Each structure stands twice: as structure tokens, then as C-alpha cells.
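Inside the fold
One letter stands for each residue in the lines below.
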Amino acid sequence: MASNSFDSHRPDALTPAEVTEKVLSLSVTKTSIPLAKQWPLTFLAGVYIALGGLFCTLFSSDAALPYAIQKFMGGAVFSLGLSLVVVAGAELYTGNTMIAAGAVDGRIRWQAVLKNWVLVWLGNAAGAVTVALLVYGSHIAETGPLARGMYGIAIAKVSADWSVIFVKGILCNLLVCLGVWVAYAGRTVIDRVAGVMLPVAAFVALGFEHCIANLYFLPLAMMLKAGGLTVEGLDLSLLTWAAVAKNLTAATLGNTLAGAALALLYRAAYARKSAD
């Protein structure tokens with residue numbers, strides 16, 4: 001009789017303690033990836049998040065949709081990006097902020113954490129900006145309401161104060177890392193995609209700040225502005241490189257704090273040695 005590959009005694013998902021151990025173990029794996037392998041994985045993560053951002057813009061640009069439906073649908077389709085990261089495999093900065101727990105646990109050194117963060121952020125930036133260049137070259141912003149949507153998203157992101165963007169960055173990556181955490185608990189593709197979707201939909205719908213997504217949205221808006229594309233009723237003078245830098249620094253620091261804190265809290269709950 002053929003054996004059934006499905007183990008009826010196996011739990012549907014990893015326990016919180018098992019996920020915590022998985023995250024701590026991954027801190028070693030992620031900081032040990034050779035650069036030749038790490039670079040394409042970081043580049044792809046930036047591409048995936050940018051593609052999610054592009055898909056999101058389609059819904060965000062549709063003024064005919066009811067407000068809450070527009071926001072929820074934009075967030076739901078944006079989850080394409082993180083779903084690709086956790087299922088297809090890629091190295092994303094916002095998720096990698098959780099490796100700080102591995103340093104506190106003594107499994108890796110802080111120098112390895114900082115090196116990983118810098119290299120992954122830069123690789124993600126390259127991927128996101130590449131998609132922005134491709135979208136700009138496709139001229140899709142010149143038809144329909146997409147230009148208004150692309151500009152509107154970017155202007156909203158650069159108009160807030162640094163401290164507001166920072167707090168929105170914290171709230172964003174709290175949700176993103178919870179999505180990753182739930183995805184780590186899953187055993188199937190469906191589990192992981194479902195785990196990612198609602199946290200990502202929440203952060204997008206609520207207007208929080210994701211530094212890697214912003215590395216797509218903001219450079220794209222700057223390209224459109226430099227190309228002379230105008231939209232009636234929008235103040236494009238708000239789009240400056242100084243404003244872009246303000247957003248990215250605040251969002252990156254907020255994202256970093258949230259991801260590290262979440263992993264450290266779970267380590268405190270599940271992974272501390274009895275001697276602690």
C-alpha cells in the first residue's frame with residue numbers, strides 16, 4: 001500500500017516558539033550568504049516589492065471606488081511583493097531587520113548584522129529603482145489616471161514631517177514582520193501567502209511607510225517630473241531629492257526599530273536560556 005505523504009499527526013503550523021527558533025537560526029544563515037548569491041536575492045526582493053507597488057497604484061488611482069474598498073484592494077494586491085519574497089525566495093531589508101535578535105542571542109556579531117542591513121538595503125534599492133526605470137520607459141503613466149495616482153502617492157509620502165514618517169515606518173514594519181512571522185509558521189505556499197496578505201493590506205491601507213516600497217514610488221515620481229509630465233491640481237514642487245532623502249531616512253530607521261523590537265520581544269518570551 002502506497003504511503004501517504006500527508007502526516008495527519010503533524011501540526012498545521014509551527015508553534016510560536018518554533019518560529020522564534022527559526023528566526024534566530026535564519027540570522028546565522030542570512031549573514032553567511034556569499035555576496036555572489038546575496039546580491040541577486042536582494043535585487044529580486046526590490047523588484048518584487050516594486051511590482052507590488054505598481055499593482056497597488058492601479059487601485060489607488062481609481063477614484064470611482066469607495067474609499068475603504070480602494071484602500072483595502074490596493075493593500076491586498078500590494079501583498080504580491082512580500083508573497084513573492086517569502087515563497088519564491090529573496091532577501092528583503094524590512095524582514096532582515098529581525099536578525100538583530102540573533103546578535104542579542106549571541107549567534108552572530110553586530111558587525112555581521114550591520115553589514116547585512118547595508119548590503120541588503122542597497123540591493124533592494126537597485127531592484128526597486130530598476131522597476132521604476134522600466135515603468136517610466138513603458139509610458140503607462142501617460143494614459144488614464146495612473147499619473148495622478150503615482151504622483152499622489154509620492155507627494156503624500158514626502159509631505160509629512162520626519163517624525164511622522166518615522167512613526168509610520170515603525171507601524172509599517174510591525175505589520176510587515178508579523179506577516180513574515182506568520183509566513184514562517186506556514187507549511188504550504190497557500191499558508192504563507194495567506195499569512196502575508198492581511199498584515200500587508202493593513203499597512204498599505206493605513207498609509208504607513210515601507211522604505212523599500214518608497215525606493216520605487218519616489219524615484220518613479222522624480223523621473224516623471226524630470227520628464228515633464230504634469231497633472232492638474234497637484235503641486236509637483238513638493239517632489240525634491242531632499243524630500244525623498246527625508247522620507248527614506250525616517251522610514252528606514254522606523255522600519256529597522258520595529259523589526260528588531262518584534263524579534264527581540266519574541267526571543268524574550270520563547271528563546272531566553274533559563275540562566276537569563
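For the structure, see preceding data.
In this text the structure is predicted, and so the values were computed from the model without any measurement. (Residues numbered from 1 in each chain as written. Predicted model: local features only at pLDDT ≥ 70, side-chain atom pairs only at ≥ 80, totals over all residues. Heavy atoms only, no water.)

What about the overall build of the protein?
Within the protein, the regular secondary structure consists of eleven helices and zero strands. Its helices and strands in sequence order give the protein the pattern α-α-α-α-α-α-α-α-α-α-α, from N to C terminus. Computed over its C-alpha atoms, the radius of gyration of the protein comes to 19 Å, within 12% of the 19 Å expected for a compact globule of 276 residues. Projected onto its principal axes, the C-alpha positions of the protein cover 65 × 50 × 35 Å. Once local pairs closer than 6 in sequence are excluded, the contacts in the protein between residues at least 24 apart make up 85%. Accessible surface computed for the protein: about 13,000 Å², of which carbon and sulfur atoms make up 68%. Both charge centroids of the protein, one from 18 positive and one from 14 negative side chains, sit 7 Å from each other. (Helix = DSSP H or I, 4+ residues; strand = E, 2+ residues; numbered from the N terminus. Rg over C-alpha atoms; globule rule 2.2 N^0.38 Å. Contact = heavy atoms within 4.5 Å. Areas by Shrake-Rupley, 256 points an atom, 1.4 Å probe, with all protein chains shown as cover. Lys, Arg positive; Asp, Glu negative; His and termini not counted. Charge placed at Lys NZ, Arg CZ, Asp CG, Glu CD.)

A look at helix H9 (residues 189–205)
With 17 residues, H9 should reach 24 Å at 1.5 Å per residue; the first-to-last C-alpha distance of 24 Å fits that figure. If you look at H9, its biggest bend is around 25°, right at Met-197, and the proline Pro-199 turns up within four residues after that. Remark: Gly-207 follows H9 within two positions and exhibits a positive phi of approximately 80°. (Expected span 1.5 Å × (residues − 1). Bend = angle between axes of the 7 residues up to and from the residue.)

Some remarks on helix H3 (residues 67–89)
Under the 1.5 Å per step criterion, the end-to-end length of H3 is 33 Å for 23 residues, consistent within 8% with the ideal 33 Å. At Leu-82, H3 shows its maximal kink, close to 30°. Within H3 the residues assigned to the buried category are Gln-70, Gly-74, Gly-75, Ala-76, Val-77, Phe-78, Ser-79, Gly-81, Leu-82, Ser-83 and Val-85. Elements in contact with the buried residues of H3: helix H2 (35–60), helix H8 (162–185), H9 and helix H10 (211–226). (Buried < 20%, exposed > 50% of the residue type's maximum accessible area, 1.4 Å probe, protein only.)

A word on the nonpolar core
Judged by nonpolar contacts, the single largest core of 80 residues is most densely connected at Phe-78, Leu-82, Met-98, Phe-203, Tyr-216 and Leu-239. Looking at this core element by element, the count peaks at twelve residues for H10. Sequence-distant contacts of Leu-239, defined by excluding residues within four places in its chain, comprise Tyr-151, Ala-154, Ile-155, Val-158, Ala-221, Met-222 and Lys-225. (Core = buried A, V, L, I, M, F, W, Y, C linked by side-chain atoms within 4.5 Å.)

Details of the state of the cysteines
Overall, the coordinates contain zero disulfides when judged by the stated rule. The closest cysteine sulfur to the non-disulfide-bonded Cys-56 is located on Cys-172, 12 Å from its own sulfur. A relative accessible area of 3% means that Cys-56 is categorised as buried. Lacking any disulfide linkage, Cys-177 is separated from the closest cysteine sulfur, that of Cys-172, by 8.7 Å. (Disulfide = S-S within 2.5 Å.)

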